[in-house]
Amino acid sequence: MSQRLYHHILPRIIPSTLLNNASMFWERLRTFQRKDTQCQAFVKRVIASNLFKIIMISTISTNAFLVVLWTDYKTRYRFFRVFEISEVLFVAMYSAEFYMNLYADPIGFWKDGYKLLDLMMIIVISFPYALLKIKGKHYPHHKIANGMQSLRILKLITYSRGIRTLITAIGQTFYTVASVLILFFILMYIFAILGFCLFGAPDKGDQENWGNLAVAFFTLFSLATVDGWTDLQQQLDSRDFFLSRAFTIIFILLGSFVFLSMFVGVMIIHTENSIKKFERELMLERHMTLMKEKQVILKRQQEEVSRLMQAQSNDYKSFGELMEDFKHTLEHTEPMVLDDFGTSLPFIDIYLSTLDNQDTTIYKLQELYYEIVHVLNLMLDDLPQKKQFHSSAKVDKK
């Protein structure tokens, strides 16, 4: 009885203990505090810096260029030592970037798809060395591992927001594109069976293009891409198949003009939406950067105005001297921030004093205008008397 009870309770106890241990481990992992936060922050700043991005883009581009030169046998034989040294440097750079990203964010690293792409590149880079150590130089599939090194250029995706936008668009169209491809596969399945039954007879049929289902699928793919469909149709016409032309025309209309056009249209729509979203994100980032710059300038200008107002109250400076001191604190390329600065009390004081000076200047200009008008009126009053005097003088002379 005790053994039965033991075997009945034990399977329930073990999973519960495992779950408790896993939950405790996860809680400890979440509440774990690193002691090297300063070094981690420094590594993050290095990774996010423009200089590091320029170095990595230059490294990937140089590696791609050397891979192109490596494909020529004479160049590879002449600069064999250069290729070996450069390969060591490239592998070291890629590995250093991988470990820096892993050190900076060990948990978020596995949630970022582009960081996982870097991990895949490290695995691809390790293939030739692993095969060389395990299988030797004469392993027949060693060339495949060397050919996979061309995938290194995919690391440029990590440093190009435009390419990432296109990849995001492709990812968003996955379900729609998958539905279109499934419908296209169903269409090809129906026409492959129909083509095999109509044109794949063993005695008089076209065995090269419709002899079995696999060959029929490949033939239909050629018809869907409208590649050499006239030659395929001539082979069917030479065997006097009655329904061959109707079969070809209907499949090309459905496969090429409907489904493939639908596929292209879906890709274009989602790509345009992703590009618009990318442009909105850029505008938002620029706006946020501009707002941060304005906040820094605003803070500095407020501190300068407060300091000058305090200096005026202590040193009894005039308003003109205060404004001259404030002008010297501004830079010629610096905008005057008025969003929050215009509501501060020092600025209101300066603004009202400026309005008072402006009113005084306008009042003096008006007085000057009145005096000018008065002088002009006196001159106009004297003008007819002068004319009359000149006319009477002319009469006396006669």
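Rules used throughout
- Residue numbers restart at each chain and count upward from 1, following the sequence in its written direction.
- Residues qualify for local features only when their pLDDT is at least 70, as the model is predicted, and side-chain atom pairs are given and counted only at 80 or more; totals for whole chains, interfaces and linings, by contrast, use all residues.
- Calculated side-chain values reflect all of the structure's heavy atoms, with hydrogen atoms and water omitted.
- Labels follow the DSSP assignment, with helices taken as runs of H or I lasting at least four residues and strands as runs of E lasting at least two, numbered in each case from the N terminus.
- Burial classes follow relative accessibility: with a 1.4 Å probe on protein chains only, a residue under 20% of its type's maximum area counts as buried, one over 50% as exposed, and anything between as partly exposed.
- Only heavy atoms matter for contacts: two residues are in contact if any of them lie within 4.5 Å across the pair.
- A 1.4 Å probe and the Shrake-Rupley method give the accessible areas. Residues count as covered only by the protein chains that appear here.
- Two joining distances apply to patches: 9 Å for like charges and 5 Å for nonpolar side chains (Val, Leu, Ile, Met, Phe, Trp, Tyr), and every residue must have over 30% relative accessible area and no salt bridge.
- What makes a salt bridge here is a side-chain nitrogen of Lys or Arg within 4 Å of a carboxyl oxygen of Asp or Glu, nothing more.
- Take the residue count of a helix, subtract one, and multiply by 1.5 Å to get its expected span.
- Polar contacts, as counted here, are pairs of nitrogen or oxygen atoms within 3.5 Å of one another; within protein the pair requires one atom able to donate a hydrogen and one able to accept it, and residues that are adjacent in sequence qualify only if both atoms are side-chain atoms.
- In this description, a nonpolar core means a group of buried Ala, Val, Leu, Ile, Met, Phe, Trp, Tyr and Cys residues linked to one another through side-chain atoms lying within 4.5 Å.
- To obtain each axis, a line is fitted to C-alpha atoms, and for helices this fit is confined to the stretch in contact; angles are then taken between N-to-C directions over 0 to 180 degrees.
- Each angle gets one of four labels, with under 35 degrees taken as roughly parallel, over 145 as roughly antiparallel, 65 to 115 as roughly perpendicular, and the rest as oblique.
- Left-handed is the label given to a crossing in which the near helix is rotated counterclockwise from the far helix by less than a right angle, and right-handed is the label when the rotation is clockwise.
- When two rings of Phe, Tyr or Trp (its six-membered ring) have centres within 6.5 Å they constitute a pair, described as stacked for plane angles under 30 degrees, edge-to-face for angles over 60, and tilted for the intermediate range.
- In our convention, an over-ring charge means Lys NZ or Arg CZ found within 6 Å of a ring centre and within 35 degrees of that ring's normal.
- pLDDT runs from 0 to 100 and stands for how confident the predictor is about each residue.
- In this count, Pro and Cys sit with the nonpolar residues alongside Ala, Val, Leu, Ile, Met, Phe, Trp and Tyr, while Asp, Glu, Lys and Arg are called charged and the others, Gly among them, polar.

**Student:** So what about the overall build of the chain? Which residues, and what values?
**Tutor:** In terms of regular secondary structure, the chain is built from 15 helices and zero strands. By the burial criterion, 23% of the 398 residues in the chain qualify as buried. Long-range contacts, defined as pairs at least 24 residues apart, comprise 68% of the intrachain contacts of the chain with a sequence gap of at least 6. When the accessible surface of the chain is summed, it comes to about 29,400 Å², and 66% of that surface belongs to carbon and sulfur atoms.

**Student:** Describe the environment of Ile 144, naming the residues involved and giving the relevant values.
**Tutor:** Within the secondary structure, Ile 144 is located in helix α7 (residues 142-147). Among the residues examined, Ile 144 registers a relative accessible area of 52% and is labelled exposed. Through-space distance from the C-alpha of Ile 144 to that of Phe 127 is 9.6 Å; in sequence the pair is 17 residues apart.

**Student:** Give me a nonpolar patch on the surface: which residues, what numbers.
**Tutor:** On the surface, a cluster of nonpolar side chains totalling about 730 Å² of accessible area is made up of Ile 182, Leu 183, Phe 185, Ile 186, Tyr 189, Ile 190, Ile 193 and Leu 213. If you tally residues by element for the nonpolar patch, the top one is helix α9 (residues 174-199), at seven residues. Note on placement: Ile 190 falls in helix α9.

**Student:** Describe in detail helix α11 (residues 213-224), supporting the description with residues and values.
**Tutor:** Note that an α-helix has 3.6 residues per turn; residues three or four places apart therefore point the same way. With 12 residues, α11 should reach 16 Å at 1.5 Å per residue; the first-to-last C-alpha distance of 16 Å fits that figure. In this structure Asn 212 caps α11, since a side-chain oxygen of it lies 3.2 Å from the backbone nitrogen of Ala 214. Two residues or fewer after α11 comes Val 226, characterised by a positive phi angle close to 55°.

**Student:** Break down the side chain of Glu 97 for me, with residues and values.
**Tutor:** One can find Glu 97 in helix α5 (residues 80-104). Judged by relative accessible area, Glu 97 falls into the buried class, the value being 3%. Sequence-distant contacts of Glu 97, that is, excluding residues within four places in its chain, are made with Phe 52, Met 56, Asp 118, Lys 155 and Tyr 159.

**Student:** Describe the nonpolar core, naming the residues involved and giving the relevant values.
**Tutor:** Of all hydrophobic cores here, the largest spans 20 residues; its most connected members are Trp 210, Leu 220, Leu 223 and Phe 251. Going through the elements one at a time, α9, α11, α12 (229-238) and α13 (244-315) are the ones with two or more residues in this core. Considering each element in turn, this core owes the most residues, seven residues, to α9. If we skip the residues at most four places from it in the chain, Trp 210 touches Phe 191, Gly 195, Phe 196, Phe 199, Gly 200, Val 215, Ala 216, Thr 219, Leu 220, Leu 223, Leu 236 and Phe 247. Among the nonpolar cores identified, the runner-up in size contains 16 residues, and Leu 66, Phe 98, Ile 122 and Tyr 159 belong to it.

**Student:** Quick one: what's the story with the environment of Gly 113, residue by residue and with numbers?
**Tutor:** Take Gly 113: it is sitting in helix α6 (residues 113-134). As for Gly 113 and Thr 158, which are separated by 45 residues in sequence, their C-alpha atoms are 9.6 Å apart.

**Student:** Let's hear about the pattern of salt bridges: which residues, and what values?
**Tutor:** Enumeration according to the criterion identifies five salt bridges in this entry. Measuring nitrogen to oxygen at the nearest pair gives 2.3 Å for the salt bridge that ties Glu 87 to Arg 152. Pair noted here: Glu 87 is in helix α5 and Arg 152 is in the loop between α7 and α8 (161-172), with a separation of 65 residues, a long-range link. Given the relative accessible area of 21%, Glu 87 is considered partly exposed. A salt bridge links Asp 237 to Arg 245, with the nearest nitrogen and oxygen atoms 3.3 Å apart. Each of Glu 97, Asp 118 and Lys 155 takes part in salt bridges that share partners, so that together they form one network.

**Student:** Hey, could you go over the packing of α9 against α11 for me, with residue numbers and the actual values?
**Tutor:** Running from amino to carboxyl end, α9 crosses α11 at an angle of 120°, the nearest separation of the two axes being 9 Å. Viewed along their axes, α9 and α11 adopt a mutual orientation that is oblique. In the packing of α9 onto α11, the handedness of the crossing is right-handed. Between α9 and α11, the contacting residues are Phe 184, Phe 185, Met 188, Tyr 189, Phe 191, Ala 192 and Ile 193 on the first element and Leu 213, Ala 216, Phe 217, Leu 220, Phe 221 and Ala 224 on the second.

**Student:** Can you explain the packing of aromatic side chains? Please cite residues and give values.
**Tutor:** Within the structure shown, the criterion is met by 10 aromatic pairs. Linked through ring pairs, Phe 191, Phe 199, Trp 210, Phe 247 and Phe 251 together constitute an aromatic cluster. A cation over a ring is seen here: Arg 76 above Trp 70, with NZ or CZ 4.7 Å from the ring centre. The aromatic ring of Tyr 114 is capped on one face by Arg 164, whose charged end is 5.7 Å from the ring centroid.

**Student:** Which residues make up the side chain of Gln 149, and what values do they have?
**Tutor:** Relative to the helices and strands, Gln 149 resides in the loop between α7 and α8. Of note is the side chain of Gln 149, whose polar atom sits 2.7 Å from the side chain of Arg 152. If sequence neighbours within four positions are ignored, Gln 149 has contacts with Val 124, Ile 125 and Pro 128.

**Student:** Explain the confidence of the model for the chain residue by residue, including any values.
**Tutor:** Predicted confidence across the chain gives a mean pLDDT of 77, with 76% of residues reaching 70 or more. A low-confidence stretch, residues 5-14 stays under pLDDT 50, and its non-local contacts, those more than four residues away or across chains, total zero contacts.

**Student:** Please give an account of the packing of α5 against α6 that cites residues and values.
**Tutor:** Where α5 contacts α6, the two axes come as close as 10 Å, and the packing angle between them is 145°. Of the two possible hands of crossing, α5 and α6 adopt the one that is left-handed. Every residue of α6 that contacts α5 at Glu 87, Val 91, Tyr 94, Ser 95, Glu 97, Phe 98 and Asn 101 is listed here: Lys 115, Asp 118, Leu 119, Ile 122, Ile 125 and Tyr 129. Of the residues contributing to the contact of α5 with α6, the split by class is seven nonpolar, two polar and four charged.

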